[in-house]
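Residues per chain are reported as follows:
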Amino acid sequence: MNDLLFQVRRLRASGSARVEVCPPAVLSPVDPVWSRLMRWVSAPAPWQAALTPPGGRRLQRTKDDFVASLKDIGTPQASTLIDRVHVARSPRELWHLRSAVFQLVSLHHSQSEAQRRLERLNHHFPTRSPRSGFGALDA
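Below is a summary of the structure that appears in this document. All figures in this text were calculated on a predicted structure; none of them were measured in a lab.

1. Concerning the overall build of the protein chain
Helices and strands together make up the secondary structure of the protein chain, namely 8 helices and 2 strands. Helices and strands in the protein chain line up, N terminus first, as α-β-α-α-α-α-α-α-α-β. A total of 139 residues make up the protein chain; the buried ones form 26% of that total. Of the contacts formed within the protein chain by residues at least 6 apart in sequence, a portion of 63% connects residues at least 24 apart.

2. What to know about helix H5 (residues 76-87)
For H5, which comprises 12 residues, the first-to-last C-alpha distance of 17 Å matches the rise-based estimate of 16 Å (1.5 Å per residue) to within 8%. Among the residues of H5, those classed as buried are Ala78, Leu81, Ile82 and Val85. Seen along its axis, H5 keeps its buried residues to an arc of 105 degrees; they face one direction. Those residues of H5 that are exposed and aimed more than 90 degrees away from the buried face are Pro76 and Val87.

3. A short note on the side chain of histidine 124
Relative to the helices and strands, histidine 124 is located in the loop between helix H8 (111-122) and strand S2 (127-128). Of note is the side chain of histidine 124, whose polar atom sits 3.2 Å from the side chain of threonine 62.

Conventions used here
- Here the residue numbering is sequential within each chain, running from 1 through the sequence in written order.
- Per-residue local features are limited, in this predicted model, to residues with pLDDT of at least 70; the limit for side-chain atom pairs, both in listing and counting, is 80 or more; totals at the level of whole chains, interfaces and linings are taken over all residues.
- As a convention, hydrogens and water are excluded, and side-chain values are obtained from all of the structure's heavy atoms.
- Secondary structure counts use DSSP, requiring at least four H or I residues in a row for a helix and at least two E residues in a row for a strand, with both numbered from the N terminus.
- Relative accessibility under 20% of the residue-type maximum defines a buried residue, over 50% an exposed one, and the middle range a partly exposed one, all with a 1.4 Å probe and only protein chains included.
- Whether two residues are in contact is decided by their heavy atoms: any pair within 4.5 Å suffices.
- For a helix, the expected span equals 1.5 Å multiplied by the number of residues minus one.
- The directions considered for the arc run from the helix axis to the C-beta atoms.
- A 3.5 Å cut-off defines polar contacts: any pair of N or O atoms within that distance qualifies, except that in protein one atom must be a possible hydrogen donor and the other a possible acceptor, and neighbouring residues in sequence count only when both atoms are side-chain atoms.

Here you go:
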């Protein structure tokens, strides 16, 4: 924990721009209200989205990367987490599993290895500057 605090203080002192990884938004706050409303009205029901997700290949690639980040850890906790990855229905559900991946990898390898793997997973999620107060920069 102290190492993490040291790194945060060092980044703040260096003046580097920090980028937050955010959960995928259900609705974008940048779009006009009528556009968000139309997207919400025309969206499939959750059970339909689970059966035929529009970004099915993208979701599967994200799941594959999560599984790959845990593949070399042969513990029951890793198996349980891999099962949770397989049943995830959306990128938002996977986003919430990032911390569990980080924890397992850091326990079985090192914190730096866990950070490296987490950065690889973070490419699947939108980012924003914490000072901007606006929506995602990357999708």
